[in-house]
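Read off the chains here:
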Amino acid sequence: MKKSKTNKLKIINDPIYGFISIPNSLIFDIIEHPYFQRLRRVTQMGLSNLVYPGANHTRFHHAIGCMHLMQKAVRVLRMKNVEISEEEANALYIAILLHDIGHGAYSHALEHSIVNEITHEEISLKFMKSLNDEFEGKLSLAIQVFEGKHPRKFLYQLISSQLDIDRLDYLKRDSFFTGVAEGNISSDRLIAMMNVVDNELVIEQKGIYSVEKFVIARRLMYWQVYLHKTGLVAENLLVSILKRAKELATKGVELPSSRALKYFLYNPINKENFSNTTLEIFSELDDYDVLSAIKEWKNHEDFILSTLATKIIDRSLLKIEIQEKPFTEEYIEKRRRKLRKLVDLSEQELEYFVFSNEIKHQAYNTKKPIKIYTKKGKLKDIAKASDQLNLKALTKPVVKYYLCYPKKIK
């Protein structure tokens, strides 16, 4: 019997955009690769589902959605006589498809706990280079675009800028799955208004109100969703659990966990020693490893690890206070004293339960402006082109301070 050929131009049904087509067989093969399939097991929004129960979508959903929007952007720009070759278009699809492939389990938690001094962007690049070797150099142009080394600046801006394809998808997608309507931007309208002038990505004047809504929607999504106080506590608890596990592993304490997670717990991993072997093991590490380990650690003999793990699994989180000024040392010490009366912990151990930090968000950064192309043929920063006073206010970074401490211990 003849072996049947796989149909590589499949259609994916997406809850946001409907049917998404895969542009060619190379991209199909990249999607089918185990490195990319891992993204099915990495949530897009970490532990935000503890606040918004619907927020269970994955990095896989997001990457496919980005590829779809990039296809639309290429079609729009070509219609406006912007020359984009087939090779450049393909490079854009691959670069945006793989832009988040280096995210670890629960997204940013690993970067702040068991993997040090290497960002998910750097790991994404390592994955892309590894895939490039496997696919015999067919990702070279995509890597050049991803790194911002291509002479055509607007190609990089489609991947990474203040109005890039990444943001156009995640705002709309996260709004849909959380049910927070304020983030529901018109990505179709924004893409339809895109153009290229002097090698830069711009938005035509007709799209100015859509850009205003986009910037405001991003601000609302950050304070209402991404920096939601309960999500903030959960994220900090997750980082604390992994830090405590790493601390115990360094002392030789046995911790039940998967082979991949064990490797990162029992070995010091940083930018210098992040080898090809490390990359392969990283490609096996996902949310399932971390969550199943935390479930086991609920019953660990270490008081700190078991208490923190129980808080995550049972959603019995720390209390959080947020204010616009830093908390005084006296107030923090008062919270520490209360905890000391309940449990005997060292100063260092207390920091797992009582800690303060700051959160910062700037809705719009004038150093990397979104440029509006006026009907008179001039380029203006959206902050100056807009008659919306709120937009100027959004150029200032907003800083808030938070303090976490237990409501009770077990």
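In this text the structure is predicted, and so the values were computed from the model without any measurement.

1. Digging into the packing of aromatic side chains
Under the counting rule described, the total for this entry stands at eleven aromatic pairs. Taking the centre distance of 6.3 Å and the plane angle of 45° together, the rings of Phe 303 and Phe 353 count as tilted. Taken together, the positions of Phe 303 in helix α15 (residues 303-313) and Phe 353 in the loop between α17 (347-350) and β6 (355-361) put the pair 50 residues apart, joining distant regions of the chain. Judged by its relative accessible area of 30%, Phe 303 is partly exposed. Over the aromatic face of Phe 60 sits the side chain of Arg 40, whose NZ or CZ is 3.9 Å from the ring centroid. Note that Arg 335 overlies the ring of Tyr 405, its terminal NZ or CZ placed 4.0 Å from the centroid.

2. A closer look at unusual backbone geometry
Of note in this structure, Glu 136 is not a glycine but carries a positive phi near 55°. With respect to the secondary-structure elements, Glu 136 resides in the loop between α5 (120-134) and α6 (140-146). By relative accessible area, which is 70% here, Glu 136 ends up exposed. One non-glycine residue, Asp 198, lies in positive phi territory at about 50°. Its place among the elements puts Asp 198 in the loop between β3 (194-197) and β4 (200-204).

3. Observations concerning the UniProt feature "domain: HD/PDEase" (unreviewed entry) in the protein
In the numbering used here, UniProt assigns the "domain: HD/PDEase" (unreviewed entry) feature to residues 55-180. Between the C-alpha atoms that bound residues 55-180 there is a distance of 11 Å. The span itself is 60% helix and 0% strand.

4. Focus: the environment of Pro 369
With respect to the helices and strands, Pro 369 occurs in the loop between β6 and β7 (371-373). Pro 369 sits 56 residues away from Ile 313 along the chain, and the two C-alpha atoms are 42 Å apart.

5. Remarks on the pattern of salt bridges
The tally for this structure, following the rule as stated, stands at 23 salt bridges. Residues joined by salt bridges that share partners form a network here, namely Glu 329, Glu 333, Arg 336, Arg 340 and Glu 347.

6. Notes on helix α16 (residues 329-342)
For α16, which comprises 14 residues, the first-to-last C-alpha distance of 20 Å matches the rise-based estimate of 20 Å (1.5 Å per residue) to within 8%. Buried within α16 we find Ile 332, Arg 335, Arg 336 and Leu 339. Along the axis of α16, the buried residues cluster in a sector spanning 100°; they form a single face. For α16, the exposed residues set more than 90 degrees away from the buried face come down to Glu 330 and Lys 341. Looking at the packing, one finds that the buried side of α16 touches β5 (319-323), α17, β6 and β9 (398-405).

7. Some thoughts on the pairing of strand β1 (residues 11-14)
By the bridge criterion, four bridges tie β1 to strand β2 (residues 18-21) in an arrangement that is antiparallel. Bridging across to β2, Ile 12 finds its partner in Ile 20. Where β1 folds back on β2, the antiparallel hairpin that results is connected by three residues.

8. Here's the deal with the side chain of Glu 204
For Glu 204, the location among the structural elements is in strand β4. With relative accessibility at 13%, the residue Glu 204 sits in the buried group. Excluding its chain neighbours within four sequence positions, the residues that come into contact with Glu 204 are Lys 80, Met 193, Met 194, Asn 195 and Tyr 373.

9. A word on the sheet that holds β4
Within a sheet, adjacent strands bond to each other through the backbone by hydrogen bonds, running parallel or antiparallel. Spatial ordering of the open sheet is given by β3-β4-β7-β8, a layout of four strands whose pairing is mixed. Both outer strands of the open sheet, β3 and β8 (379-381), are each paired with one neighbouring strand and no more. Strand-to-strand twist in this sheet, taken as the mean axis angle between neighbours without regard to direction, amounts to 50°. Two strands pair when backbone bridges link them, and β3 and β4 are joined in this way by four bridges, in the antiparallel orientation. Bridging from a neighbouring strand, Met 194 pairs with Ile 203 of β4.

10. Focus on the environment of Thr 230
In this fold, Thr 230 is placed in helix α11 (residues 229-250). As a C-alpha pair, Thr 230 and Leu 110 span 120 residues in sequence and 19 Å in three-dimensional space. Apart from the residues lying within four places of it in its own chain, the contact partners of Thr 230 are Val 51, Arg 315 and Leu 317.

11. As for the sheet that holds β6
Read across the open sheet, the three strands follow the order β5-β9-β6; overall the sheet is antiparallel. Looking at which strands have only one partner, the edges of the open sheet turn out to be β5 and β6. The mean inter-strand angle of the sheet, taken between neighbouring strand axes irrespective of direction, is 25°. As defined by bridge partners, β5 adjoins β9 across five bridges and the pair is classed as antiparallel. Within β9, the residue paired with Ile 322 across the bridge is Tyr 402. Each of β6 and β9 touches helix α10 (residues 208-226); the most contacted strand, β6, lies at about 170° to it. Lying over the sheet, α16 contacts β5, β6 and β9, oriented at roughly 25° with respect to β9.

Analysis parameters
Residues numbered from 1 in each chain as written. Predicted model: local features only at pLDDT ≥ 70, side-chain atom pairs only at ≥ 80, totals over all residues. Heavy atoms only, no water. Phe/Tyr/Trp six-rings, centres within 6.5 Å; stacked < 30°, edge-to-face > 60°. Helix = DSSP H or I, 4+ residues; strand = E, 2+ residues; numbered from the N terminus. Buried < 20%, exposed > 50% of the residue type's maximum accessible area, 1.4 Å probe, protein only. Lys NZ or Arg CZ within 6 Å of the ring centre and 35° of its normal. UniProt positions renumbered as here; feature names shortened; annotations may be inferred. Salt bridge = Lys/Arg side-chain N within 4 Å of Asp/Glu carboxyl O. Expected span 1.5 Å × (residues − 1). Arc of directions from axis to C-beta. Contact = heavy atoms within 4.5 Å. Pairing = 2+ DSSP bridges. Axes fitted to C-alpha atoms, helices over the stretch in contact; angles between N-to-C directions.

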